[in-house]
Amino acid sequence: MTLASLEDTPRVQKQERTPYNGKVSGEGRFEAIQRGEEVSSHIHKELEHENCILDIENFNLWYGATQALFDISLSVPHGKVTALIGPSGCGKSTLLRSVNRLNDLIDSVRITGQMRLNSDNIYASGVDVIELRKRMGMVFQKSNPFPMSIYENVVYSLRIDGERNKALLDEVCERSLRGAALWDEVKDRIHGSALSLSGGQQQRLCIARAIAAEPEVLLMDEPCSSLDPIATSKIEDLIEELKGSYTVLIVTHNMQQASRTSEYTAFMYLGRLIEYGPTYDIFTNPALKETEDYVSGRFG
């Protein structure tokens, strides 16, 4: 696999931009993208005033000869929830997995562009990827508790770092389970198997495990897609509680979920960022007709 940063790899020659002004026809812009023409993103001015923890600049990604992400530039505000929305196959999960370099595990992947976490270049040569991933929590589409006790699941990241202070481990376990709104449900059986929990409880356990290491960013890849409505509601309530304490970047196919849980929303289509701004504006008064067509259900 070859990974290249902007410093190491020449930028791909940009095609001439096709100008679009105002809420033009969604069909025109989407067809332009399908033809391979470059279409500029619309970034709302509110983001200029945010303190951003994650900065993505001119990011491109290929799977072999197939390009999956095209010149993505966006910044994720500190302490806020940012949602990535768009049709299936638009690159949402690919972008999310690029943040903690999970795509490195695919041999055919190569990239150009920049990603910075608190000003540190994620793709700089010499970056310790294991240490990088410790700075980010990851919650996957399907809950993946380890086949061990609830307690050991939560403190796992501390264990692998060599922590043996039982009082500290106990404190982190309780704090993280409380943070994941799970403590009251499991406090009498934290040494029992994590696999005995319900699906929704397992997903909240995975969130507790992710926040135990106090990550700088919490990444969530469609965390409610396999849950029933009651469990989904609990996860959404939890995301609401995490605001302020954690920076959350969430991929969701559920636009209602994005509108309920996030403060900023980015709309993607065929690997391009179309529009990015405050969630309220994206869903009630988007700048682009394409975004309006998607969030209203007329497209996608």
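Residues numbered from 1 in each chain as written. Predicted model: local features only at pLDDT ≥ 70, side-chain atom pairs only at ≥ 80, totals over all residues. Heavy atoms only, no water.

Caption draft 1: The overall build of the protein, seen in detail. Of the regular secondary structure elements, the protein holds 12 helices and 11 strands. Structurally, the protein occupies a C-alpha span of about 60 × 40 × 35 Å along its principal axes. Relative to its full complement of 300 residues, the protein shows a buried share of 50%. Residue pairs in contact within the protein that sit at least 24 positions apart in sequence constitute 70% of those at least 6 positions apart. (Helix = DSSP H or I, 4+ residues; strand = E, 2+ residues; numbered from the N terminus. Buried < 20%, exposed > 50% of the residue type's maximum accessible area, 1.4 Å probe, protein only. Contact = heavy atoms within 4.5 Å.)

Caption draft 2: Spotlight on the sheet that holds strand 5 (residues 109-117). Sheet architecture is open: 4 strands sit in the order 3-2-5-6, paired in antiparallel fashion. This sheet does not close on itself; its edge strands, each paired only once, are strand 3 (66-77) and strand 6 (120-121). Across 8 bridges, the pairing between strand 2 (residues 52-63) and strand 5 is antiparallel. Counterpart to L54 in the pairing with strand 5 is L117. Sheet strands in contact with helix 2 (residues 92-99) are strand 2, strand 3 and strand 5, and its direction is about 115 degrees off that of strand 2. (Pairing = 2+ DSSP bridges. Axes fitted to C-alpha atoms, helices over the stretch in contact; angles between N-to-C directions.)

Caption draft 3: Broad picture of the side chain of T261. For T261, the position within the fold is in helix 10 (residues 255-261). Classification of T261 as buried rests on a relative accessible area of 2%.

Caption draft 4: Expanded view of helix 6 (residues 166-179). For helix 6, spanning 14 residues, the distance from its first C-alpha to its last is 20 Å, which sits close to the expected 20 Å at 1.5 Å a residue. Against helix 4 (150-154), helix 5 (156-160), helix 7 (183-186) and helix 8 (199-212) lie the buried residues of helix 6. Its side-chain oxygen at 3.0 Å from the backbone nitrogen of A167, N165 defines the N-terminal cap of helix 6. Backbone geometry just after helix 6 places A181 at a positive phi near 55 degrees. (Expected span 1.5 Å × (residues − 1). Polar contact = N/O pair within 3.5 Å; in protein donor to acceptor, adjacent residues only side chain to side chain.)

Caption draft 5: Representation of unusual backbone geometry in the model. The residue S119 is not glycine, and still its phi comes out positive at about 75 degrees. One can find S119 in the loop between strand 5 and strand 6. For A181, which is not glycine, the phi dihedral falls at a positive 55 degrees. Mapped onto the secondary structure, A181 falls in the loop between helix 6 and helix 7.

Caption draft 6: Geometry of the nonpolar core. Formed by 51 residues in total, the largest nonpolar core has its most connected members in L177, L205, I207, L218 and M220. Excluding its chain neighbours within four sequence positions, the residues that come into contact with L218 are G137, M138, V139, A210, I211, L242, T247, V248 and L249. Counting residues in hydrophobic clusters, the runner-up holds 35 residues, among them F59, V76, L84 and I122. (Core = buried A, V, L, I, M, F, W, Y, C linked by side-chain atoms within 4.5 Å.)

Caption draft 7: Expanded view of helix 9 (residues 229-242). Look at helix 9: 20 Å from first C-alpha to last across 14 residues, which is about the 20 Å you get at 1.5 Å a residue. Taken residue by residue, helix 9 has A231, T232, I235, E236, L238, I239 and L242 as its buried positions. Seen from one end, helix 9 has its buried residues packed into an arc of 160 degrees, which puts them on one side. Exposed positions of helix 9 whose direction lies more than 90 degrees from the buried face are P229, I230 and E241. Here the buried face of helix 9 lies against strand 4 (81-85), helix 6, helix 8, strand 8 (217-221), strand 9 (248-251) and helix 10. Two to three positions downstream of the cap, the backbone nitrogen of I230 sits 3.0 Å from a side-chain oxygen, assigning the N-cap of helix 9 to D228. Looking one or two residues beyond helix 9, the residue adopting positive phi is G244, at roughly 90 degrees. (Arc of directions from axis to C-beta.)

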